[in-house]
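Reading the structure
Residues per chain, in single letters:
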Amino acid sequence: SKMSVRDALGSQHTSGERVKVQGWIRSIRSQKEVLFLHVNDGSSLESLQVVADSSFASRELAFGSSVAVLGQLVKSPSKQQNVELKAESIEVIGNCDAKAFPIKYKERHPLEFLRQYPHLRCRTNVLGSVLRARSEATAAIHSFFKHRGFVHVHTPVITSNDCEGAGELFQVEPSSKTEIPNENFFNVPAFLTVSGQLHLEVMSGAFTRVFTFGPTFRAENSQSRRHLAEFYMVEAEISFIENLQDLMQVIEDLFKATTMTVLSNCPEDVELCHKFIAPGHKDRLEHMLKTNFSIISYTEAIEILKKASHNFTFTPEWGLDLQTEHEKYLVKHCGDAPVFVTDYPLALKPFYMRDNEDGPPHTVAAVDLLVPVVGELFGGSLREERYHHLEQRLARSGLTEAYQWYLDLRRFGSVPHGGFGMGFERYLQCILGVDNIKDVIPFPRFTHSCLL
Ligand code: 4AD
Ligand code: MG
């Protein structure tokens, strides 16, 4: 019967069970009379050792080739593994030209090198581990919300609004307009979504607790290690929430619970990342999971930063955005652990954030979570649920006409509510210790690059 490498490795019936295992050759070693292969099919970091008679050796049986091995699972005499496969037959399904194959046998390729080959790098140990951890994290996030009674919502990818009001939009048009003469396809300008938040607010007005987890797009002209043009965002929206404290609790729980699940479901993958990409990160992550996240206000943050001004390229000042260097300093300042920054200046934030109304300096009930490796990981806020306040904010931004439906939510059974968004790739960077965001997504898209 067919068996994955993971199942074969975990098999208890090693007394000669006959199985067929398919995968790609990761290593090959020949001795006088025996041939040792390691076959990997991506189901686990560990490969399955295949032991074959040296008469099986052929030019095609080489690093990178795909094979089907039929044989018996037996207890391995070596300490390296419990189980090995004694081959009765080996079929080369597709051979691999070692000269042309960019991935070389026994070589440890730098991540920057592998980035040139998004179609092949997933066959290396390191990308294999990152992407399996990504898959586990995706499932863990869905399960976190499900267990807390959140309803999952598919928010649209194409939308006519600019949620963040930052103008970083990709416009959507058909490639040929011939079928709809003299008109836009949608009659209005349409864009790839920058955030599902406004649609989630609609749904939280019916289901109370909702979340979405999908691709988001931003035309940011940035070559940074933490920005992509297409990234995945986890967003939640909660009705009847009245303070930032409650929102921060959900954020901290989500971060910790998801990470614990990933650590327990694929420990060897996380360990490989820590070992090969970020030595020392294991302890840092354990510390993050143990401590209570700190909380400081934006105003306090600026005071802390001003005392350390000489460290920065950008001078920190009340009313200005926090730069990456500032975020990283605050994380270090708070014990190299996550820190919530609350109550940002109203002028820096989008129209939907709830006005704190505490006189000058004028702030909104916003919260960001800053973490090691990336800086800003979460952004959230209480939303302006008061009709007249929101009406004024919209008017000031010139959005009154476009957002009548959004005002409706405040006319018909409005409730205090709030939510947040977490950049999923940044989350993976933070737990795995990966410096560059392009290495935690299978197919990165960014300025001047859309391979495949
Ligand atoms: O802080 P942002 O812009 O917040 C929102 O979009 C809210 N509407 C979310 C909400 O309240 N529902 O984005 C949220 C997070 C950031 O903290 C960051 O982690 C990530 O999304 N992010 C990016 N990740 C990768 N590449 C980019 N270009 C990103 N822009 C934001
Ligand atoms: Mg933000």
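The notes below deal with the structure included here. (Residues numbered from 1 in each chain as written. Chains lettered and ligands numbered in written order. Predicted model: local features only at pLDDT ≥ 70, side-chain atom pairs only at ≥ 80, totals over all residues.)

This part is about the overall build of the protein chain. The secondary structure content of the protein chain amounts to twelve helices and 15 strands. For the C-alpha atoms alone, the extent of the protein chain along its principal axes is close to 85 × 60 × 40 Å. Counting every position in the protein chain, which comprises 452 residues, the buried fraction comes to 37%. When contacts within the protein chain are restricted to residue pairs at least 6 apart in sequence, long-range pairs at least 24 apart make up 67% of them. (Helix = DSSP H or I, 4+ residues; strand = E, 2+ residues; numbered from the N terminus. Buried ≥ 20, exposed ≤ 12 C-beta atoms within 10 Å, placed from the backbone. Contact = placed C-beta atoms within 7 Å.)

All right, on to the pairing of strand β10 (residues 230–239) then. Of all ten residues in β10, nine are buried; the element is thus mostly enclosed. As paired elements, strand β9 (residues 209–217) and β10 share nine bridges and run antiparallel to each other. From the neighbouring strand, V210 faces β10, where its bridge partner is E237. Bridge analysis of β10 against strand β15 (residues 417–423) gives seven bridges, and the strand direction is antiparallel. Note on β15: the bridge partner recorded for A236 is F420. (Pairing = 2+ DSSP bridges.)

With that out of the way, let us pick up the sheet that holds strand β1 (residues 15–30). Ordered in space as β1-β2-β3-β5-β4, the five strands form a closed barrel in which the pairing is mixed. Across the sheet, the axes of successive neighbouring strands diverge by a mean angle of 55°, strand direction being ignored. Relative to strand β5 (residues 83–94), strand β4 (residues 66–75) runs antiparallel, the two being bridged by ten bridges. Opposite K75, over in β5, you have V83 as the bridge partner. (Axes fitted to C-alpha atoms, helices over the stretch in contact; angles between N-to-C directions.)

Residues in close proximity to ligand 1 total 23 residues, the closest being S195, Q197, G379, G421 and G423. Among the elements of the structure, β10, β14 (375–382), β15 and α12 (424–432) are those that each provide at least two residues to the shell around ligand 1. Of the residues contributing to the shell around ligand 1, the split by class is eight nonpolar, eight polar and seven charged. (Near = placed C-beta within 6 Å. Nonpolar A, V, L, I, M, F, W, Y, C, P; charged D, E, K, R; others polar.)

What follows concerns the nonpolar core. Core analysis: the biggest nonpolar cluster contains 86 residues, and A133, L428 and L432 have the highest contact counts within it. L428 has contacts with A133, R134, A137, V434 and V440, leaving out every residue within four places of it along the chain. M3, A52, V69 and L85 belong to the second largest nonpolar core, which has 18 residues in total. (Core = buried A, V, L, I, M, F, W, Y, C linked by C-beta atoms within 7 Å.)

Geometric values such as these leave the question of function open.
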